[in-house]
Amino acid sequence: MEPLILFILVLMLLFAGVPVAVSLGLSSLIIIAFFSADSVSSVALQLFTASQNYTLLAIPFFVLASAFMSTGGVARRIIRFAIAAVGHFRGGLAIASVLACMLFAALSGSSPATVVAIGTIAIAGMRQVGYTKEFAAGIIANAGTLGILIPPSIVMVVYSAATDVSVGRMFLAGVIPGLVAGLMLMVTIYVMARIKNLPSEEWKGFGEIVAGGKEAGWGLFLIIIILGGIYGGVFTPTEAAAVAAVYAFFVALFVYRDMGPLKGVRWIQETDSKRARVGFSAVVYAVGFFFVWMILSFFVASNWEGVTIGGRALVGLVLSIALMVAYALRRDGDSNPFNIPGYLAAGLPIWGRNFALTGRNFHRMFFNEETRKVMIDASRTTIMLMFIIVNALLFAHVLSSERIPQSITSLMLDAGFNWFTFLIAINLLLLLGGQFMEPSGLLLIVAPVVFPIAMELGVDPVHLGIIMVVNMEIGMITPPIGLNLFVTSGITGMSLIQVVRAALPFVAVLFVFLIITTYVPIMSTWLPYSLMGPEIVTR
C-alpha cells in the first residue's frame, strides 16, 4: 500500500506544478511520518548524509568549470578548429558544429551549456552561408545533448552517487558511445547536405588546423587534465573537478582574457616587432610543451620503475629547447640557431609588459563584475541541482526502507521478464519520464528502483548507466519540458513548435543510437573494463 501512496503523491504534486525537489522531499516526509516504521529524525539524518556525499562534491566544481569555459572565447576557438578540420566537406559548417559540440561537451559536462556556447556562434555562422534557421537550430539542439554523454558528465556523477557505481568507469563508458553518436549525426548531416546541395567551406590546408588547434589548445587541454588525471591515478573524479574549476578560471582570465579587467587586451600588440613576436611565441610554445610533457609523462610513466621526475624533466627540457629553435627557424627562414638568443631577448619587453599588466590588475582578476556573475550563475545552478539531488536521495531512502525495489523485482520476474524485455520497459519508462522531468531528478527517482532489478536480471551496471544517460539525452529534445528545446528557442528567437519540428529528423537518429546502445553492451563496457576491470556490485 505504501508504494502506491508514495508514487501517487509524487505524481499529484508534479502535475500540480510543485517543483521536482519539493515533490520528492514532501512525499517522502509524508510516508515516513504517517505510514512507515522509520522515525522522523531519519529525515534529518538522510539529508545530512546525502549532503556529505563525496562523489556529489564533483558537481559544483564541474558546474563552475563549465561556467568559466562557457565564456564566448573558448567556444569561438573550438568552432574555428572544428571548421578547419571538417568544414571542407559538403555541409561542412553543420558537421563542424557537431564536432564543436562534442569537444565543448568534454569541457562542460552540461547539455544546455553546450547549446548556448556553441549555438550562439554556430547558428549565426550557418545562417550567413545559406543554411536555414530551422536546419541550424535542429542540429545544435541535438548535438548539444552530447554534453551529458561525453565525459565529464554531471548526469553520470549523479547516477554514480545514486547507485554506487564507479564515476571513473562511467566516464570511460561514455567515450565510445559519445563518438558514435556524434559520428551518426555527422553522417546524417552529410547525406542531407548532398541531397539539399548545401555549401562546403574552403579547404585551407593543414596549417589552419594546426593554427586552430593551437588557439583552442589551452581550453582543450582541460580534457587531458580531467581524464588523464583520473585514469593516471593522480586524483579522484571529485579532485579532478576541483582542478578543472581552477584551471578554467586561470585560462578564461589570465590566458584567453575573455573576461575580467584585461578583457580584449592581446598578449602581442601590432606595434611589436617581428623579432619580438617570434621570440615571445617561441618561449610560449617551449614552456607550454614542457608542462604538457611533464603532465602527460607522469600520467603514463608514474608507475614505471627507473623513471624519475628529474629524468622526465631533462628529456622535456631538451625537447622544449629543440621545439623553440625549430619554431624560430621556421618563422624566419634566413636565420640560424645562433640568432636564437637575440630573438629571446627581443621578446622580453612583451613578457615584461604583460606581467606588469597582470600584476597591476591581479586583485581585480578575482573581484570584478564578470567573475562575480559567473560565480553567482554557477552557485544558482549548483543549489538547484543539489536541492533536487538531496531530496531525491531521501526519496531513494524511503524506497529502500520500504523494500519497494525488491517487491517490483519479484513482480517482474514472476511476470516472465528477462533482460531483453526489461531494457525495453526501461527505455519506454525513461523516454516518457524524460518528456516531463529534468534529467538529474528523473534519474535519481528511477535509478534506485530499476538498479536492483537490473542486477537480478544480469544487466551490467555501467551499461545500464549509459542507457539511462542516452534516454536523458533524448528527453532533453522532446516536448513539453525538453530543456535543450527551450534553450535553442531562446538563442534563435524561434517558437518552441518550430524548434521541435527542426529537431525531429535528428531525434530519429538518436532513437536508432539508443537501440544500438541498449543491445550492444560492449560499446559501453569494453573501454572501462579493459582499463579498470569490471564493476563489482554487492547485492
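Provided above is the structure to which this section pertains.
Sequence order as written defines the numbering, with residues in each chain counted from 1. Under the rules for a predicted model, residues below a pLDDT of 70 receive no local features and side-chain atom pairs below 80 are neither given nor counted, while totals for whole chains, interfaces and linings still include all residues. Excluded from the side-chain calculations are hydrogens and water; all other atoms, namely the structure's heavy atoms, are used.

Draft legend 1. Spatial organisation of the overall build of the protein. The secondary structure content of the protein amounts to 25 helices and zero strands. Two things to know: the radius of gyration comes from C-alpha atoms, and the globule rule equals 2.2 Å times the number of residues to the power 0.38. Radius of gyration (C-alpha) of the protein: 25 Å, near the 24 Å computed for a compact globule of 539 residues. When its C-alpha atoms are laid out on the principal axes, the protein stretches across 85 × 55 × 45 Å. Residues counted as buried form 53% of the 539 residues belonging to the protein. Numbering goes from the N terminus for both helices and strands, where a helix is a DSSP run of H or I of at least four residues and a strand is a run of E of at least two. Summary of the burial criterion: residues with accessible area below 20% of their type's maximum are buried, those above 50% are exposed, and those between are partly exposed, where the area comes from a 1.4 Å probe applied to protein chains only.

Draft legend 2. Quick look at the pattern of salt bridges. A pairing counts as a salt bridge when a side-chain nitrogen of Lys or Arg comes within 4 Å of a carboxyl oxygen of Asp or Glu. Following the criterion strictly, the structure yields eight salt bridges and no others. Note that K263 is salt-bridged to E370, the shortest N-O span being 3.2 Å. One end of the pair, K263, is in the loop between α13 (237–255) and α14 (274–301); the other, E370, is in helix α18 (residues 369–401), and 107 residues separate them in sequence. Among the residues examined, K263 registers a relative accessible area of 49% and is labelled partly exposed. Residue K373 pairs with D377 through a salt bridge whose shortest N-O separation is 3.0 Å. Remark: D377 and K373 occur in helix α18; sequence separation between them is four residues, near one turn of the helix. Classification of K373 as exposed rests on a relative accessible area of 51%. What emerges from the salt-bridge pattern is a single network uniting R80, E208 and E215.

Draft legend 3. Structural view of the side chain of S23. Within the secondary structure layout, S23 lies in helix α2 (residues 20–34). When its relative accessible area of 0% is taken as the criterion, S23 is described as buried. Contacts were defined at the residue level, with two residues in contact if any of their heavy atoms lie within 4.5 Å. Once residues within four sequence positions are removed from consideration, S23 is found in contact with V10, L13, L14 and V18.

Draft legend 4. Molecular detail of the packing of helix α8 (residues 133–143) against helix α24 (residues 496–519). With axes taken as lines fitted to C-alpha atoms, and helix axes fitted only over the stretch in contact, angles between N-to-C directions fall between 0 and 180 degrees. Here α8 crosses α24 at 40 degrees, and the two axes come no closer than 7 Å. Considering how the two elements wind past one another, α8 and α24 form a crossing that is right-handed. Contact with α8, carried on its side by E134, F135, G138, I139, A141 and N142, involves A502, A503, F506, V507 and L510 of α24 and no other residues of that element. For the contact of α8 with α24, a count of residues per class yields eight nonpolar, two polar and one charged. By definition, turning the near helix anticlockwise from the far helix through less than a right angle yields a left-handed crossing, and turning it clockwise yields a right-handed one. Note on residue categories: nonpolar means Ala, Val, Leu, Ile, Met, Phe, Trp, Tyr, Cys or Pro, charged means Asp, Glu, Lys or Arg, and polar means any other residue, Gly included.

Draft legend 5. Layout of the packing of aromatic side chains. Here a Phe, Tyr or Trp ring, Trp counted by its six-membered ring, pairs with any other such ring whose centre lies within 6.5 Å, and the pair is stacked when the planes are under 30 degrees apart, edge-to-face when over 60, and tilted otherwise. Under the counting rule described, the total for this entry stands at 20 aromatic pairs. Relative to F206, the ring of W203 lies with its centre 5.3 Å away and its plane at 85 degrees, an arrangement referred to as edge-to-face. The partly exposed category is assigned to W203, whose relative accessible area is 38%. By relative accessible area, which is 62% here, F206 ends up exposed. Counting every residue linked through ring pairs, the aromatic cluster contains F68, F249, F250, F254, F362 and F366. Criterion for a charge above a ring: Arg CZ or Lys NZ at most 6 Å from the ring centre, at most 35 degrees from the ring normal. Taking the ring centre of Y256 as reference, the NZ or CZ of R77 above it sits at 3.8 Å. The residue whose ring lies beneath R275 is Y343, and the NZ or CZ to ring-centre distance is 4.7 Å.

Draft legend 6. Layout of a nonpolar patch on the surface. Where nonpolar side chains cluster on the molecular surface, the patch consists of F89, L183, V187, Y190, V191 and I195 and spans about 570 Å² of accessible area. Assignment of secondary structure puts F89 in the loop between α5 (72–86) and α6 (92–108). Any residue with relative accessible area above 30% and no salt bridge may belong to a patch, with like charges joined within 9 Å and the nonpolar Val, Leu, Ile, Met, Phe, Trp and Tyr side chains within 5 Å. Every accessible area reported is derived by Shrake-Rupley at a probe size of 1.4 Å, with residue values counting cover from the shown protein chains alone.

Draft legend 7. The nonpolar core, seen in detail. Nonpolar cores are built from buried Ala, Val, Leu, Ile, Met, Phe, Trp, Tyr and Cys residues. Side-chain atoms within 4.5 Å join them into one set. Ranked by size, the top nonpolar core spans 166 residues in total, and within it I59 and F422 carry the most contacts. Broken down by element, the residue count for this core peaks at 14 residues, all from α6. Dropping the residues within four chain positions of it, F422 is found in contact with M412, F417, V450, I453, A454, L457 and V459. Counting residues in each nonpolar core, the second largest holds eight residues, with A286, A328, I340 and Y343 among its members.

Draft legend 8. Summary view of unusual backbone geometry. In this model, P151 is joined to P152 through a cis peptide bond whose omega is 0 degrees. Not every positive phi belongs to a glycine, and N197 is a case in point at roughly 55 degrees. Position of N197 relative to the elements: it lies in the loop between α11 (175–196) and α12 (206–231). For R257, which is not a glycine, the phi torsion comes out positive at approximately 55 degrees.

Draft legend 9. Geometry of the packing of helix α4 (residues 58–69) against α18. As a packed pair, α4 and α18 sit with axes 9 Å apart at the nearest point and diverge in direction by 145 degrees. In the packing of α4 onto α18, the handedness of the crossing is right-handed. Along the contact surface, α4 presents I59, P60, V63, L64, A67 and F68, while α18 presents T371, V374, M375, A378, T381, T382, L385, M386 and I389.

Draft legend 10. Spotlight on the environment of K204. Looking at the element boundaries, K204 is found in the loop between α11 and α12. Look at K204 and you get exposed, because its relative accessible area is 57%. The spacing of K204 and A84 is 120 residues in sequence and 7.0 Å in space, taken between C-alpha atoms.

Draft legend 11. Spatial organisation of the environment of L317. Take L317: it is sitting in helix α15 (residues 309–331). Classification of L317 as partly exposed rests on a relative accessible area of 45%. Separated by 31 residues in sequence, L317 and A286 place their C-alpha atoms 8.5 Å apart.

Draft legend 12. Molecular detail of α12. To estimate how far a helix should extend, the number of its residues minus one is multiplied by 1.5 Å. For α12, with 26 residues, the first-to-last C-alpha span of 31 Å runs short of the 38 Å given by 1.5 Å per residue. The reported bend at a residue is simply the angle between two axes, fitted to the 7 residues ending at it and to the 7 residues beginning with it. Along its length, α12 shows its largest kink, about 65 degrees, at G217. Looking one or two residues past α12, G233 carries a phi angle of roughly 80 degrees, positive in sign.

Draft legend 13. Structural context of the environment of L348. Residue placement: L348 occurs in helix α16 (residues 340–360). L348 sits 327 residues away from A21 along the chain, and the two C-alpha atoms are 56 Å apart.

Draft legend 14. Expanded view of α11. Taking 1.5 Å of rise per residue, the 22 residues of α11 would be expected to cover 32 Å, and the 31 Å separating its terminal C-alpha atoms lies within 8% of that figure. All of the buried residues along α11 are P177, G178, A181, G182, M184, L185, M186, I189, M192 and A193. If you follow the buried residues of α11, they end up packed against α6, α8, α10 (167–173), α22 (461–475), α24 and α25 (522–532). Count one or two residues on from α11 and you reach N197, which has phi positive near 55 degrees.

Spatial relationships are all this shows, so hold off on functional conclusions.
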